[in-house]
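# Structure at a glance
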Amino acid sequence: MIERVARGALPRKHHIAFRGEDGALRWEECLTRKGFDGLYTIAYHERRPHEHRVAPVEHGFTLPRAADPAPLAKRHFRSLDVPTRSGPQIDVREPLLFNEDVVLGIARPDQADPLYYANADADEVFFVFQGGGVIRTMLGDLRFEQDDYVVIPKGLFYRAIPDEGPQVWLTVEALGGVHIPTQWRNEAGQLRMDAPYSHRDFRLPTFTGPLDEGLRDMLVKRGNAFHGFTVAHSPLDVVGWDGAVYPFAFPILNFQPRAGLVHLPPDWHGTFAARGALICSFVPRVVDFHPEAIPCPYPHSSVDCDEVLFYCRGNFTSRRGVGPGSISYHPTGIPHGPHPGAYEASVGAPRTDELAVMMDTLRPLTPTPAAAGVEDRGYQDSFIS
């Protein structure tokens with residue numbers, strides 16, 4: 001969803017007869033957004049892509065539900081302590097925080113998806129904290145590595161094939177879609193020259209043509225429920241496609257951070273926008289250069305946003321007691337800011353080496369039982385000097 005891309009064999013015009021060398025008619029499938037008014041991709045199948053038989057549901061990850069009510073407080077969840085289960089990502093995702101716009105969770109898959117999966121409720125964003133692998137779709141294979149964001153459009157079926165070894169993914173379901181923040185685009189939709197990334201920073205699927213893995217089962221999430229189907233032939237039978245709806249990867253270290261005379265607000269770190277949410281990337285960077293600047297984030301009462309930070313690595317100067325895999329959750333209603341001593345100690349610091357993913361949401365987030373089970377109960381009082 002960055003720019004129009006064309007791959008494989010295509011007819012000279014859309015919606016006209018397109019035949020293979022054997023004379024057989026190719027089947028055009030349109031993947032559209034906002035009805036027919038938004039972005040779209042057109043893929044050309046060897047066979048009819050819309051033949052599905054209803055089948056029993058044998059897979060599906062945990063759906064979000066609220067934990068027992070708890071007092072308003074700043075919270076810290078140790079996501080790496082969430083109990084692990086063996087299985088593919090379509091079974092082992094665990095939601096931790098959610099609202100009407102987003103579901104944020106953790107996944108530690110150790111197997112490839114045994115079928116094709118489409119989330120018809122949401123665009124999906126994975127941040128690969130550890131591991132790597134391939135997202136396989138009819139549009140090609142998308143390779144991903146540690147420190148990559150992976151964005152998968154709503155309704156596009158795929159199969160996640162993780163590499164051997166440990167995998168830890170931060171998962172986001174964006175129920176209103178994901179896009180590049182509008183301030184980083186010019187009037188033609190191109191990324192601006194002063195944007196914090198360029199088109200060259202994004203990795204797209206590698207398309208090689210039709211593929212048959214022998215899999216005929218599909219799983220669709222729609223209406224916060226899972227639905228099973230079988231198909232008569234491989235859904236990877238695409239000979240070519242073009243459009244602006246496709247999965248992509250973005251390495252977080254390709255984000256180009258900004259420095260100001262004094263501390264810049266989180267919007268300058270905005271990487272992906274969603275309905276009711278902004279995903280930000282905090283990467284190693286030079287900090288503020290006013291001789292009296294305070295580089296540490298100032299205490300603030302952001303009365304319209306809940307704030308979530310997923311810590312990856314580095315020196316988190318504003319926090320103590322957090323480490324790789326920590327998730328801090330600071331809700332609206334009470335001020336939040338650095339731990340005692342961090343604000344004063346940051347004066348004169350030339351740079352920071354932190355790596356973290358942040359999400360601000362306009363609607364209040366609700367923790368799940370899984371989050372409550374790995375909460376650091378002393379976090380709220382750790383801000384008292």
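Residues numbered from 1 in each chain as written. Predicted model: local features only at pLDDT ≥ 70, side-chain atom pairs only at ≥ 80, totals over all residues. Heavy atoms only, no water.

### Some points on the sheet that holds strand β21 (residues 277–282)
- The strand order β5-β24-β23-β26-β21-β20-β15 describes an open sheet built from seven strands, whose pairing is antiparallel. Each edge of the open sheet carries a strand with a single partner, namely β5 (75–78) and β15 (178–179). (Pairing = 2+ DSSP bridges. Helix = DSSP H or I, 4+ residues; strand = E, 2+ residues; numbered from the N terminus.)

### Concerning the pairing of strand β10 (residues 133–137)
- The buried count for β10 comes to five of five residues, which makes it a mostly enclosed element.
- Residues Gly 133, Ile 135 and Thr 137 of β10 are buried on one face, and the alternating residues Val 134 and Arg 136, pointing to the opposite face, are buried as well.
- Across five bridges, β10 lies against strand β11 (residues 140–144) in antiparallel orientation. Following the sheet pairing, Gly 133 is matched in β11 by Phe 144.
- In this structure, the hairpin formed by β10 and β11 is closed by a connection of two residues. (Buried < 20%, exposed > 50% of the residue type's maximum accessible area, 1.4 Å probe, protein only.)

### Details of the sheet that holds strand β18 (residues 238–243)
- With antiparallel pairing, the four strands of this open sheet are ordered in space as β1-β18-β3-β2. In this open sheet, the two edge strands, each paired with only one partner strand, are β1 (5–8) and β2 (27–32). With direction set aside, neighbouring strand axes in the sheet form an average angle of 15°.
- One ladder, built from four bridges, connects β1 with β18; its direction is antiparallel. Across the sheet, Gly 8 pairs through a bridge with Gly 240, a residue of β18. (Axes fitted to C-alpha atoms, helices over the stretch in contact; angles between N-to-C directions.)

### Observations concerning the domain arrangement of the chain
- Domains assigned within the chain are domain 1 (52–65 + 82–233 + 245–252) and domain 2 (256–381).
- Averaged C-alpha coordinates put domain 1 and domain 2 at centres separated by 25 Å.
- Listed as interface residues are 41 residues of domain 1 and, on the opposing side, 41 residues of domain 2.
- Ranking the residues of domain 1 by area buried against domain 2 places Leu 97, Asp 101 and Phe 129 at the top, with a combined share of 18%.
- The tally of links from domain 1 across to domain 2 stands at four salt bridges.
- Asp 147 is paired through a salt bridge with Arg 313; the nearest N and O atoms lie 2.7 Å apart.
- Applying the counting criterion to the domain 1 and domain 2 interface returns 15 residue pairs in polar contact (both at pLDDT 80 or more). (Domains from an automatic or database assignment. Contact = heavy atoms within 4.5 Å. Buried area = accessible area lost by both parts, 1.4 Å probe. Salt bridge = Lys/Arg side-chain N within 4 Å of Asp/Glu carboxyl O. Polar contact = N/O pair within 3.5 Å; in protein donor to acceptor, adjacent residues only side chain to side chain.)

### Here we look at the pattern of salt bridges
- Within this structure, the stated rule accounts for 25 salt bridges.
- We note a salt bridge from Glu 51 to Arg 48, for which the minimum N-O separation is 2.5 Å.
- Under the relative-accessibility criterion, Arg 48 is labelled partly exposed at 34%.
- Residue Asp 163 pairs with Arg 143 through a salt bridge whose shortest N-O separation is 2.5 Å. Remark: Arg 143 occurs in strand β11 and Asp 163 occurs in the loop between β13 (158–162) and β14 (168–174); sequence separation between them is 20 residues.
- By relative accessible area, which is 32% here, Arg 143 ends up partly exposed.
- One connected set of salt bridges, linked through shared partners, spans Glu 100, Asp 101, Arg 275 and Arg 363.

### A closer look at the UniProt feature "domain: Homogentisate 1,2-dioxygenase N-terminal" (unreviewed entry) in the chain
- UniProt feature "domain: Homogentisate 1,2-dioxygenase N-terminal" (unreviewed entry): in the numbering of this structure it lies at residues 116–250.
- Structurally, residues 116–250 comprises 0% helix and 44% strand, and the distance from its first C-alpha atom to its last is 23 Å. (UniProt positions renumbered as here; feature names shortened; annotations may be inferred.)

### Observations regarding the UniProt feature "active site" (unreviewed entry) in the chain
- In the numbering used here, UniProt assigns the "active site" (unreviewed entry) feature to His 263.
- Along the chain, His 263 turns up in the loop between β19 (248–251) and β20 (270–274).
- With near-sequence residues (within four places) excluded, His 263 lies in contact with Asp 288, Ile 294, Pro 295, Cys 296, Pro 297 and Tyr 298.

### Some thoughts on the layout of surface pockets
- The space that makes up the largest pocket amounts to roughly 880 Å³.
- In terms of lining, the largest pocket is formed by 45 residues, of which the most central are His 263, Pro 266, Phe 282, Pro 297 and Met 358.
- Contributing elements (two or more residues each) for the lining of the largest pocket: β21, β22 (285–286), β23 (306–313), α2 (342–345), β25 (351–352) and β26 (355–361).
- A class-by-class count of the residues in the lining of the largest pocket yields 24 nonpolar, twelve polar and nine charged.
- Volume-wise, the second largest pocket comes out at about 580 Å³.
- Lining the second largest pocket are 30 residues, and of these Glu 29, Leu 31, Ala 118, Gly 155 and Leu 156 sit closest to its centre.
- Listed by contribution, the elements that provide at least two residues to the lining of the second largest pocket are β2 and β16 (217–221). (1 Å grid on protein atoms, 1.4 Å probe; cavity = no way out; pocket = protein on both sides within 12 Å on 5 of 7 lines; lining within 4 Å. Points joined across faces, edges and corners; volume = space filled by probe spheres on them. Nonpolar A, V, L, I, M, F, W, Y, C, P; charged D, E, K, R; others polar.)

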